[in-house]
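Here are the chains, one letter per residue:
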Amino acid sequence: MADKEEKLLRLRHSFSHVMAEAVLQMFPSTKFAIGPAIEHGFYYDFDLPRSITPEDLEKIEQIMKTIISGNHAFIRKVINKKEALDLFKDQPFKIELIQGLPEDEEISVYTQNTFTDLCRGPHAENTKDLNPCAFKLLTIAGAYWRGDEKNPMLQRIYGTAWETPKELRSHLEWLKEVEKRDHRRLGRDLDLFSTHEEAGAGLIYWHPKGARIRTIVEDFWRREHFRCGYEYLYSPHIGKSWLWQTSGHLDFYSENMYSPMSIDEQDYYIKPMNCPFHILMYKTRMRSYRDLPLRWAELGTVYRYERSGVLHGLLRVRGFTQDDAHIICTPAQIEGEILEVLRFSLNMWKAFGFTEIKAYLATKPEKSVGDDEQWEKARASLKKAIDTQGLAYDIDEGGGAFYGPKIDLKIKDALGREWQMTTIQFDFNLPERFDMTFIDQDNTEKRPYMVHRALLGSIERFFGVLVEHYAGAFPVWISPVQAAVIPVAPAFYDYAVKVENILKEADIRVVADVGNDRMNAKIRNAQNQKIPYMLILGEKEESAGHVSVRTRKGEQKNGLPVDEFIAFIKEKIEKKENV
RNA sequence: GCCUUUGUAGCUCAGCAGGCAGAGCACCUCCAUGGUAAGGAGGGGGUCAUCGGUUCGAUUCCGAUCAAAGGCUCCA
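The rules we used
Residues numbered from 1 in each chain as written. Chains lettered and ligands numbered in written order. Predicted model: local features only at pLDDT ≥ 70, side-chain atom pairs only at ≥ 80, totals over all residues. Heavy atoms only, no water. Helix = DSSP H or I, 4+ residues; strand = E, 2+ residues; numbered from the N terminus. Buried < 20%, exposed > 50% of the residue type's maximum accessible area, 1.4 Å probe, protein only. Contact = heavy atoms within 4.5 Å. Areas by Shrake-Rupley, 256 points an atom, 1.4 Å probe, with all protein chains shown as cover. Lys, Arg positive; Asp, Glu negative; His and termini not counted. Charge placed at Lys NZ, Arg CZ, Asp CG, Glu CD. Expected span 1.5 Å × (residues − 1). Salt bridge = Lys/Arg side-chain N within 4 Å of Asp/Glu carboxyl O. Axes fitted to C-alpha atoms, helices over the stretch in contact; angles between N-to-C directions. Parallel < 35°, antiparallel > 145°, perpendicular 65-115°, else oblique. Left-handed = near helix turned anticlockwise from the far one by under 90°. Domains from an automatic or database assignment. Near = heavy atom within 4 Å. Polar contact = N/O pair within 3.5 Å; in protein donor to acceptor, adjacent residues only side chain to side chain. Nonpolar A, V, L, I, M, F, W, Y, C, P; charged D, E, K, R; others polar. Pairing = 2+ DSSP bridges. Core = buried A, V, L, I, M, F, W, Y, C linked by side-chain atoms within 4.5 Å.

Got a sec to walk through the overall build of chain A? Specific residues and values, please.
On a plain count of helices and strands, chain A comes out with 18 helices and 28 strands. Reported as C-alpha extents along the three principal axes, the dimensions of chain A are approximately 85 × 75 × 50 Å. Across the 579 residues that make up chain A, the buried fraction comes to 49%. Taking as baseline every contact in chain A between residues at least 6 positions apart, the subset at least 24 positions apart corresponds to 70%. Per element, the accessible surface of chain A, about 28300 Å² overall, is 49% carbon and sulfur. Side chains of chain A carry 79 positive and 87 negative charges; the gap between the two charge centres is 3 Å.

Below you can see the structure in the form of structure tokens.
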């Protein structure tokens with residue numbers, strides 16, 4: 001497996017060089033930046049005399065195929081810095097890269113056919129190792145040189161490349177599937193949510209069916225939290241500048257905050273986070289070590305400024321609801337609390353059908369608050385929790401926030417894509433800033449530990465991922481409509497309504513379709529709406545008090561007594577199973 | 001915010017060397033409708049994203065703005 005990945009990496013990197021050569025043939029004045037292999041393919045950044053178009057991509061592909069069929073070797077050569085600077089004297093980006101290399105670094109260049117590039121490698125041995133029918137140029141994008149918006153914008157060409165045409169085809173199929181599952185498309189088709197440009201970008205409107213799902217998710221979430229020893233809070237949406245000054249948000253987070261509104265000549269800010277409010281509640285009375293730990297949760301809606309170019313459906317918005325909680329505890333309790341949060345989180349993901357989860361542990365950055373001992377204790381408890389759960393993890397050395405280390409969880413969806421959702425963050429900053437204290441056993445004032453955590457992350461993003469994970473065909477317990485009653489003809493509309501009422505009585509979300517369509521159209525509509533169960537009713541069913549069940553998967557079970565169907569669907573709901 | 005592309009009916013999309021705006025689906029009405037993925041007929045619906053410019057005349061050409069898509073950076 002590792003061998004295969006290594007091989008793919010060489011191929012993709014080589015395709016990237018071949019593309020660069022093709023682009024150079026088309027535009028002899030091209031300046032080259034960088035062109036690495038990436039997941040599923042490769043890219044290369046160029047500075048070009050004009051914007052390239054999708055038609056250009058086809059031409060570039062053709063030239064690439066010609067180059068590949070020339071059976072050119074990839075030849076590696078080691079040169080010294082002076083030679084390198086001379087070789088790339090017309091390539092300012094390469095010069096910059098060379099000058100950035102450490103003095104003792106070995107500088108290598110790779111040449112195939114007419115093209116030589118500064119490159120560490122590795123590459124395929126020969127262009128004949130590249131299958132000319134196993135790659136495709138996909139998209140053109142702008143990208144800053146070295147990812148810095150102060151630098152010039154280059155043109156990036158993305159391509160996908162594989163060992164065989166068959167793998168390419170299946171990747172293109174996968175891309176089609178990604179498009180089909182796009183939550184923005186499904187959100188409209190299934191009537192779940194909308195956004196309104198005329199009323200503001202990045203703000204979500206939840207339609208009845210989307211809102212229904214949201215209440216199901218939130219009800220479940222709250223119940224689980226109460227069961228796990230959390231209390232629920234409500235806090236305001238705005239706060240005076242004193243609050244945000246004290247918390248430090250005005251100093252360190254203001255680029256994400258909206259301008260203040262003036263109320264009685266005081267500046268009020270809409271909240272980008274919930275924590276300061278929870279802290280004020282903590283400070284309303286003296287806290288004893290006996291009160292700790294406090295686990296305070298809130299589905300708190302926050303607003304953050306996001307640059308217009310980054311907004312994306314439900315996944316990146318300007319107003320969202322965090323499934324937030326703050327755990328305030330003694331240093332001695334911290335390890336157990338972290339363990340419990342992680343366990344809780346994994347259970348939550350399991351309930352919604354996600355089981356592949358990876359942890360990222362971010363440790364102390366150079367600039368930080370809090371003493372080393374605190375950091376170490378926190379890091380150790382995070383690490384221990386990950387180990388106890390047996391999670392796969394990566395360590396992001398120095399990647400923590402200045403106020404504390406954290407674990408982020410990335411969950412994998414049905415298409416194998418990773419989404420960063422859960423975050424568990426220590427905070428050594430706010431307890432200090434707000435002077436939070438508790439009275440310990442020895443009757444001295446001590447500083448509590450504080451942990452922020454969001455399990456689903458944000459309800460909006462979670463919903464977007466949920467939609468894509470299930471392609472809109474939600475498990476029965478989440479489906480906004482669990483059953484559609486479809487009479488075969490108007491003569492059975494009365495019975496259809498009767499069955500609908502019986503199911504409603506049993507708390508099943510059901511709709512009887514007694515409209516003007518013919519039965520076939522009703523089945524098609526229910527199918528397109530991804531309703532789990534269709535109950536088809538005609539004379540046979542009415543006279544026996546039965547229903548005939550068609551699932552959205554096309555399975556069929558005829559002549560089921562209504563009670564039996566209720567018991568059946570109740571079990572599906574109870575066990576959180578799919579159809 | 002920046003780069004590229006895009007914006008015509010609720011949705012998917014035609015159209016136009018500058019000269020009265022089109023289809024399918026959806027919606028409404030009527031007719032029809034007894035068995036597992038679209039019954040039929042008729043009808044309503046558009047300041048061609050917005051604002052400005054060029055022109056006798058702009059949905060079409062030009063500019064700005066807004067929004068969307070794919071990226072860059074950042075993040076729940």
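Provide a residue-level description of helix α7 (residues 208–227), including the pertinent values.
The terminal C-alpha atoms of α7 lie 28 Å apart, and with 20 residues this matches the ideal 28 Å at 1.5 Å per residue to within 8%. G210, I213, R214, I216, V217, E218, F220, W221, R222, E224 and H225 are the residues of α7 that are buried. Of the residues trailing α7, G229 is marked for its positive phi of about 85°.

Describe the pattern of salt bridges, listing the residues and the values that go with them.
If you walk through the whole model with that rule in mind, you get 41 salt bridges. A salt bridge links K7 to E163; its shortest N-O distance comes to 3.0 Å. Here K7, found in helix α1 (residues 2–26), pairs with E163, found in the loop between β8 (153–161) and α5 (165–180); they are 156 residues apart in sequence, far enough to count as distant. The exposure class assigned to E163 is partly exposed, which follows from its relative accessible area of 22%. With a shortest N-O distance of 2.5 Å, D372 and K364 are connected by a salt bridge. The class of D372 is exposed, set by a relative accessible area of 52%. Residue class for K364 comes out partly exposed when judged on its relative accessible area of 33%.

Talk me through the packing of α7 against helix α11 (residues 334–351); I want residue IDs and the actual numbers.
Where α7 meets α11, the axes come as close as 12 Å, and the angle between the chain directions of the two elements is 150°. As far as their axial angle goes, α11 and α7 are roughly antiparallel. Classified by chirality, the crossing of α11 by α7 is right-handed. Residues F220, W221, E224 and H225 of α7 pack against F344, M348 and A351 of α11.

Lay out the domain arrangement of chain A with the relevant residues and their values.
Per the domain assignment, the segments making up chain A are domain 1 (2–180), domain 2 (207–236 + 271–470) and domain 3 (483–574). Placing a centre on the C-alpha atoms of domain 1 and another on those of domain 3 gives a separation of 57 Å.

Give a description of the protein's contact with RNA strand B that names residues and reports values.
Inspection of the region around RNA strand B gives 53 residues, with Y144, R184, R316, R524 and E541 positioned closest. Of what RNA strand B places within 4 Å of the protein, 46% of the atoms are sugar or phosphate. Contact distances for RNA strand B include 3.3 Å between a base nitrogen and a backbone N or O atom of G309. Between a sugar or linking oxygen of RNA strand B and a main-chain N or O atom of M421, the distance comes to 3.4 Å. Of the residues contributing to the surface near RNA strand B, the split by class is 20 nonpolar, 17 polar and 16 charged.

Just give me the short version of the sheet that holds strand β12 (residues 238–240), but keep the residues and values in it.
Across the sheet, which stays open at both edges, the 3 strands sit in the order β12-β14-β13 with antiparallel pairing between neighbours. Only two strands of the sheet have a single partner each, and these edge strands are β12 and β13 (261–263). Here the average twist between neighbouring strands, direction ignored, is 40°.

Talk me through the side chain of R318; I want residue IDs and the actual numbers.
Inspection of the secondary structure puts R318 in the loop between β15 (294–303) and β16 (319–329). An unpaired buried charge is present at R318: no salt bridge exists, and E306, the closest side chain of opposite charge, is 7.1 Å distant.

Let's hear about unusual backbone geometry: which residues, and what values?
Omega for the peptide link from L292 to P293 comes to 0°, which places this bond in the cis form. With respect to the element layout, P293 can be found in the loop between α10 (275–282) and β15. You will see that D507, though not glycine, has its phi angle at about 65°, which is positive. Looking at the element boundaries, D507 is found in the loop between α15 (493–505) and β25 (510–512). Relative accessible area serves as the criterion here: at 64%, D507 is assigned to the exposed category.

Which residues make up the nonpolar core, and what values go with them?
One finds F352, F426, L456, F462 and F474 to be the most contacted residues of the largest nonpolar core, which totals 65 residues. At 9 residues, the largest contribution of residues to this core is made by α11. Once you skip the residues sitting within four places of it in the chain, F352 turns out to touch V217, F220, L456, F462, L466, Y470, W477 and I478. Listed in part, the 30 residues of the second largest apolar core include F15, A22, I60 and I68.

Lay out α10 with the relevant residues and their values.
Since the α-helix advances by 3.6 residues per turn, residues separated by three or four positions end up pointing in the same direction. Among the 8 residues that make up α10, 6 are buried, leaving the element largely enclosed by the rest of the structure. Of the residues making up α10, those classed as buried are C275, P276, F277, H278, I279 and Y282.

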